[in-house]
Amino acid sequence: MNIIDYIKKNKDKTFNDLDFNEIDNLILSLLPYINFTNVIPAFKNGTITLKDAALKLNDKKKNFRGLFISNTFKMLQTMKDTKRYKDIILYNYMNIVNDDMQFGAITMKLNDKSIYIAFAGTDSSIIGWEEDFKMTYLYPGASQKYASIYLNKAIGLFDKNIHIGGHSKGGNLAMCSVMNAHFWIRKKVIKITNFDGPGFLKKEINSKEYKRIKNKIKMYVPKESIIGMLLYNTPDYIVIKSKGINIFQHDAFNWQCHNINFIRDIQSKRSKILKERLTKKLEELSIEERVNLVKNLFDIFKNINVKDTKEIKIKQFFKLIKEFKKLDKETQNLLAELLIIIFIK
């Protein structure tokens, strides 16, 4: 079964009946993929239950953004009719997309009084993807800085039993937020969950900020993981079964579970080799070369006036190829590999 099947199966069980588990963790981490603008209140503007938020969005499917549009909408509408999720309190909503970053987050209070903060993964905006690729040479990036600001502001004096999580880029932001949070807030966080999100540069993975939180980090990746293999991450990740093919394994709605756990699997040889190749290739490039590589890639999108990956049509694709031919052969090959990671979704 997948996570929507899990929601239906446990619809009548509260968190007092069935403890919060790793599947619940993933479900809540996906909620920021939904555009809750003008539905979930921003900071200090009140709260709303999950059921009421879902009802307000019932006829606004077109407002959804991100890579899991239809399934996330279906998941929310399934959650609203359950004893387990309908009364979750949602607040502190943020959704920012500007020239520097694409950032989203939601704070939630469960009926067992624990707190869950979810950070949004990358949506379909070009600025979101550009920010991701800047991670190959820049830390902290704009969203990474904002994640810790958000966490410091979101946690109240009496909040406790705090979980932080995110899928894809959201998993990276979950880690960043705690790495750079106030001391008293770090102490309140009991777990940080990275669902197949990219890691850090070598300097950051060896930093004191990372080392002081690494024991709280839990990471899950599908068998054919690609995104979670980018940069340096915890080596102790849990591999789970996914029904997707290639990059579609990254789609959390393809992840398989049984009872209250994900079905464990063994990482594929292909995924391991990809990680080795990407790591080796990155280490061969100087910081200046990385900057130029990312700039060349995203200048192409600007030159053909594409602001969203959903805008890539046949006409734009041929323009893309034409721009590619202006670059040297080695850069062409590198960019082609990066584009496959983005657009095969």
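Let me begin by describing the structure that accompanies this report. (Residues numbered from 1 in each chain as written. Predicted model: local features only at pLDDT ≥ 70, side-chain atom pairs only at ≥ 80, totals over all residues. Heavy atoms only, no water.)

For the protein, the count of helices and strands is 14 helices and ten strands. By the burial criterion, 57% of the 345 residues in the protein qualify as buried. Counting contacts in the protein only where the partners sit at least 6 residues apart, residues at least 24 apart contribute 73% of the total. Surface accessibility of the protein: about 15,900 Å² in total, with carbon and sulfur atoms responsible for 52%. (Helix = DSSP H or I, 4+ residues; strand = E, 2+ residues; numbered from the N terminus. Buried < 20%, exposed > 50% of the residue type's maximum accessible area, 1.4 Å probe, protein only. Contact = heavy atoms within 4.5 Å. Areas by Shrake-Rupley, 256 points an atom, 1.4 Å probe, with all protein chains shown as cover.)

Moving on to the side chain of Gln-77. Structurally, the position occupied by Gln-77 is in helix 4 (residues 69-79). A relative accessible area of 10% means that Gln-77 is categorised as buried. A distance of 3.1 Å separates the side chain of Gln-77 from the backbone oxygen of Ala-54, its partner in a polar contact. Only 3.3 Å separates the side chain of Gln-77 from the side chain of Lys-80, close enough to count as a polar contact. Not counting chain neighbours up to four residues away, the residues in contact with Gln-77 comprise Ala-54, Leu-57 and Asn-58. (Polar contact = N/O pair within 3.5 Å; in protein donor to acceptor, adjacent residues only side chain to side chain.)

This next bit is on a nonpolar patch on the surface. Where nonpolar side chains cluster on the molecular surface, the patch consists of Leu-157, Phe-158, Phe-183 and Trp-184 and spans about 550 Å² of accessible area. Position of Leu-157 relative to the elements: it lies in the loop between helix 6 (142-154) and strand 5 (162-167). A residue is classified by how much of its surface remains accessible, and Leu-157, at 63% relative accessible area, is exposed. (Patch = residues over 30% accessible without salt bridge, like charges linked within 9 Å, V, L, I, M, F, W, Y side chains within 5 Å. Salt bridge = Lys/Arg side-chain N within 4 Å of Asp/Glu carboxyl O.)

A separate point is the packing of aromatic side chains. Evaluated as defined, the whole model comprises 16 aromatic pairs. On the numbers, 5.9 Å between centres and 45° between planes, the contact of Phe-133 with Phe-298 is tilted. With Phe-133 in helix 5 (residues 126-134) and Phe-298 in helix 12 (residues 287-303), the pair connects residues that are 165 residues apart, well separated along the chain. Phe-133 sits in the buried class, given a relative accessible area of 8%. For Phe-298, a relative accessible area of 1% puts it in the buried group. (Phe/Tyr/Trp six-rings, centres within 6.5 Å; stacked < 30°, edge-to-face > 60°.)

This brings us to helix 5. Along helix 5, eight of the nine residues are buried, which leaves the element largely enclosed by surrounding structure. Those residues of helix 5 lying buried are Ile-126, Ile-127, Gly-128, Trp-129, Glu-130, Glu-131, Asp-132 and Phe-133.

Let us now look at the pairing of strand 4 (residues 115-119). Along any regular strand, the residues point their side chains to alternate faces of the sheet. The buried fraction of strand 4 amounts to five of the five residues, a majority that puts the element mostly inside the structure. The side-chain alternation of strand 4 yields two buried faces, one formed by Ile-115, Ile-117 and Phe-119 and the other by Tyr-116 and Ala-118. Bridge count for strand 3 (residues 102-109) against strand 4 is five bridges, and the pairing is antiparallel. Bridge assignment links Lys-109 to a residue of strand 4, and that residue is Ile-115. (Pairing = 2+ DSSP bridges.)

Residue Pro-140 is bonded to the preceding Tyr-139 through a cis peptide linkage, with omega at -5°. Mapping Pro-140 onto the fold places it in the loop between helix 5 and helix 6. The backbone phi angle of Lys-44 is positive, close to 60°, even though this residue is not glycine. Inspection of the secondary structure puts Lys-44 in the loop between helix 2 (22-29) and strand 1 (48-49). At Asn-92, a position not held by glycine, the phi torsion is positive, near 55°.

This part covers the pattern of salt bridges. If you walk through the whole model with that rule in mind, you get seven salt bridges. Where Arg-84 meets Asp-24, a salt bridge forms, and the shortest distance between an N and an O atom there is 2.7 Å. Here the residue Arg-84 occupies a position in the loop between helix 4 and strand 2 (89-97), and Asp-24 occupies one in helix 2, the gap between them amounting to 60 residues. Residue Glu-283 pairs with Lys-202 through a salt bridge whose shortest N-O separation is 3.3 Å. Separated by 81 residues along the polypeptide, Glu-283 in helix 11 (residues 269-284) and Lys-202 in helix 9 (residues 202-205) bring together distant segments of the chain. By relative accessible area, Glu-283 is classed as partly exposed at 45%.

Moving on to the sheet that holds strand 5. The pairing of strands in a sheet happens through backbone hydrogen bonds and is either parallel or antiparallel. Across the sheet, eight strands lie side by side as 1-2-3-4-5-6-7-8; this open sheet has mixed pairing. Across the chains shown, the open sheet's two edge strands, defined by having one partner strand only, are strand 1 and strand 8 (238-240). Pairing analysis gives three bridges linking strand 7 (residues 217-222) to strand 8, with the strands arranged parallel. What sits directly across from Val-221, in strand 8, is Val-239. Packed onto the sheet, helix 7 (residues 169-179) meets strand 3, strand 4, strand 5, strand 6 (189-195) and strand 7 and runs at close to 145° relative to strand 5. (Axes fitted to C-alpha atoms, helices over the stretch in contact; angles between N-to-C directions.)

On to helix 7, then. In terms of burial, helix 7 is largely enclosed, as eleven of its eleven residues are buried. Listed as buried for helix 7 are Lys-169, Gly-170, Gly-171, Asn-172, Leu-173, Ala-174, Met-175, Cys-176, Ser-177, Val-178 and Met-179.

Mapped onto the elements of the fold, Glu-22 is located in helix 2. Polar side-chain contacts of Glu-22 include one of 2.6 Å to the side chain of Arg-264. Residue contacts for Glu-22: discarding those within four places in its chain leaves Phe-195, Tyr-220, Ile-260, Asn-261, Phe-262 and Arg-264.

Next up on the list: the pairing of strand 7. Within strand 7, five of the six residues are buried, leaving the element largely enclosed by the surrounding structure. Of the strand pairs in this sheet, strand 6 and strand 7 are connected by four bridges, and their pairing is parallel. What sits directly across from Thr-193, in strand 7, is Lys-218.

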